[in-house]
Amino acid sequence: MHLLSVRRLTGKVRTLTEELVEKKKTLSAEAEEHKSKRNELNAQASQFAKERNELNMATRQYVEEAQKNKDLRDQANRDVQSLKEKRNELNDKANALHIEIEALRGNQGGAVPAPSSAAPHEKKPSAREILRQIDQLEEKQQTEPMSKEKENEIVDKIKQLKIDLKDQEVEHEQNKEVRSRLIEAREYRKQASAIHAEVTEKAELAQKHHDLMVECYRKADKSREGADVKHKQFVETQEAADVEHKKFIECQKQLRDYEKVINGMRTKQKKVKTVKENKSARKEAESIFNAFKSGEKLTTEDLLKLQRSKLI
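Not measured: the values here are computed from a predicted model.

S.K.: How should I be thinking about the overall build of the protein chain in this particular structure?
M.R.: Helix and strand counts for the protein chain stand at five helices and zero strands. Within the structure as shown, the protein chain displays about 21,000 Å² of accessible surface, and the carbon and sulfur contribution to it stands at 51%.

The structure is reproduced here in structure tokens:
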């Protein structure tokens, strides 16, 4: 190969190698960008997963708390039902005694003054009827939603009915047979009244736990919705991170390919350089040898050059 051709080949190899090195640098920067983006997205995905898990845990806690309040509400409602049965049983006994009292009064004859709440000449209700009205009003107070004003109105009416009942009892107590039954009926009503207070207390407790249960379920729904949002963000971010990872891996593969080509080019460049140096050394050695044949003196260095070129 002529020296000029060697020089041209060396120049082309060098230029191509430099171009490949520049492309490798650009590709390496791109790989680092994908890697950085992947790591950033993975960190975001981890945060979303953490927040999702926290919300899921909160949801479970709210549901557990709701279930506890539901159990307490149901127990309070069972207590209300049981207490109502006891209260009604006592009221029934009191009513039965009042029926007997009314029968005794009917046998004895005589009119009973109208209660204080009754209008003049108005037929007065019986004690049993008054008790029935009291029971109905108390049941209404416990079971029906109403304004504070309406509730106060019912409470006042119950108080007035109890005054009317007391008025009747005072008149009835003049008869010994009636009086003994009144005392017994009054005891039943006293016990029923105490149980009624428990019914009211348990009903309020049941409502309290019902409200707490509803609130816990509301919070559970809200935290569950939040967890669903975080899970969606986690999936989307993780998928984006996977895309960046694949791009990074592809860049790494291309970088290895570039490295192989560049190393090959450099090896070839070294070989061309060696050929070039050998030809130059050969030419110099031939010049020294010709000078030697012409009788010129050779230095030790000249002799070494001739020996390396294998001319001597």
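S.K.: Any chance you could explain the nonpolar core here in plain terms?
M.R.: Within soluble globular proteins, side chains that are nonpolar tend to cluster in buried spots. Val80, Leu83, Leu90, Ala94, Leu97, Ala185, Tyr188, Ala192, Ile195 and Val199 form the largest nonpolar core, which has ten residues in total. With sequence-adjacent residues up to four places away left out, Tyr188 is seen in contact with Leu90, Lys93, Ala94 and Leu97.

S.K.: Mind showing me how you'd approach the pattern of salt bridges here?
M.R.: Close approach of charged atoms allows side chains with opposite charge to pair. Within the structure shown, the criterion is met by eleven salt bridges. For the salt bridge of Lys70 with Asp74, the shortest nitrogen-to-oxygen distance reads 3.3 Å. In this pair, Lys70 and Asp74 both sit in helix α1 (residues 3–108), four residues apart, roughly one turn of the helix. With a closest N to O distance of 2.9 Å, Asp221 and Arg224 form a salt bridge. Of this pair, Asp221 and Arg224 both sit in helix α4 (residues 176–293), three residues apart, which is roughly one turn of that helix. For Arg224, a relative accessible area of 35% gives the class partly exposed. When salt bridges with common partners are traced through the structure, they connect Lys70, Arg73 and Asp74 into a single cluster.

S.K.: Any chance you could explain the environment of Val235 here in plain terms?
M.R.: For Val235, the location among the structural elements is in helix α4. A sequence separation of 186 residues divides Val235 from Ala49, and the C-alpha atoms of the two residues are 9.0 Å apart.

S.K.: Explain the packing of aromatic side chains to me, please; I cannot follow it from the model alone.
M.R.: Aromatic rings in a pair are described by how distant their centres are and how their planes are angled relative to each other. Using the criterion set out here, one finds zero aromatic pairs in the structure. For the cation-ring pair, Arg38 lies above Phe248, with the distance from its terminal atom to the ring centre recorded as 5.2 Å. Over the ring of Phe234 we find Arg52; its NZ or CZ atom is 5.0 Å from the centre of that ring.

S.K.: I keep staring at the confidence of the model for the protein chain and nothing clicks. Help me out?
M.R.: Detailed reading of predicted coordinates is not advised where the pLDDT is low. Looking at the protein chain as a whole, its pLDDT mean stands at 80, while 73% of the residues score no less than 70. Across the protein chain, the secondary-structure element scoring lowest on mean pLDDT is helix α5 (residues 300–308), at 61, and the one scoring highest is α1, at 86. Long-range and interchain partners of residues 108–121, a stretch whose pLDDT sits below 50, account for 18 contacts in this model, where long-range means more than four residues apart.

S.K.: What is the right way to read the side chain of Ser223 from this model?
M.R.: As for its placement among the helices and strands, Ser223 is situated in helix α4. Residue class for Ser223 comes out buried when judged on its relative accessible area of 7%. In contact with Ser223, other than residues within four places in its own chain, are Leu55, Ala58, Thr59 and Tyr62.

S.K.: I would appreciate a short explanation of the environment of His34 in the present structure.
M.R.: Note that His34 resides in helix α1. When the C-alpha positions of His34 and Ile249 are compared, they lie 9.1 Å apart, and in sequence the two are 215 residues distant. With residues near it in sequence (within four places) discarded, His34 still touches Glu244, Lys247, Phe248 and Cys251.

S.K.: Honestly, the side chain of His34 in this entry has me stumped. Any pointers?
M.R.: For His34, a relative accessible area of 12% puts it in the buried group. At 2.8 Å, the side chain of His34 forms a polar contact with the side chain of Glu244.

The rules behind the values
Residues numbered from 1 in each chain as written. Predicted model: local features only at pLDDT ≥ 70, side-chain atom pairs only at ≥ 80, totals over all residues. Heavy atoms only, no water. Helix = DSSP H or I, 4+ residues; strand = E, 2+ residues; numbered from the N terminus. Areas by Shrake-Rupley, 256 points an atom, 1.4 Å probe, with all protein chains shown as cover. Core = buried A, V, L, I, M, F, W, Y, C linked by side-chain atoms within 4.5 Å. Buried < 20%, exposed > 50% of the residue type's maximum accessible area, 1.4 Å probe, protein only. Contact = heavy atoms within 4.5 Å. Salt bridge = Lys/Arg side-chain N within 4 Å of Asp/Glu carboxyl O. Phe/Tyr/Trp six-rings, centres within 6.5 Å; stacked < 30°, edge-to-face > 60°. Lys NZ or Arg CZ within 6 Å of the ring centre and 35° of its normal. pLDDT = per-residue confidence, 0-100. Polar contact = N/O pair within 3.5 Å; in protein donor to acceptor, adjacent residues only side chain to side chain.

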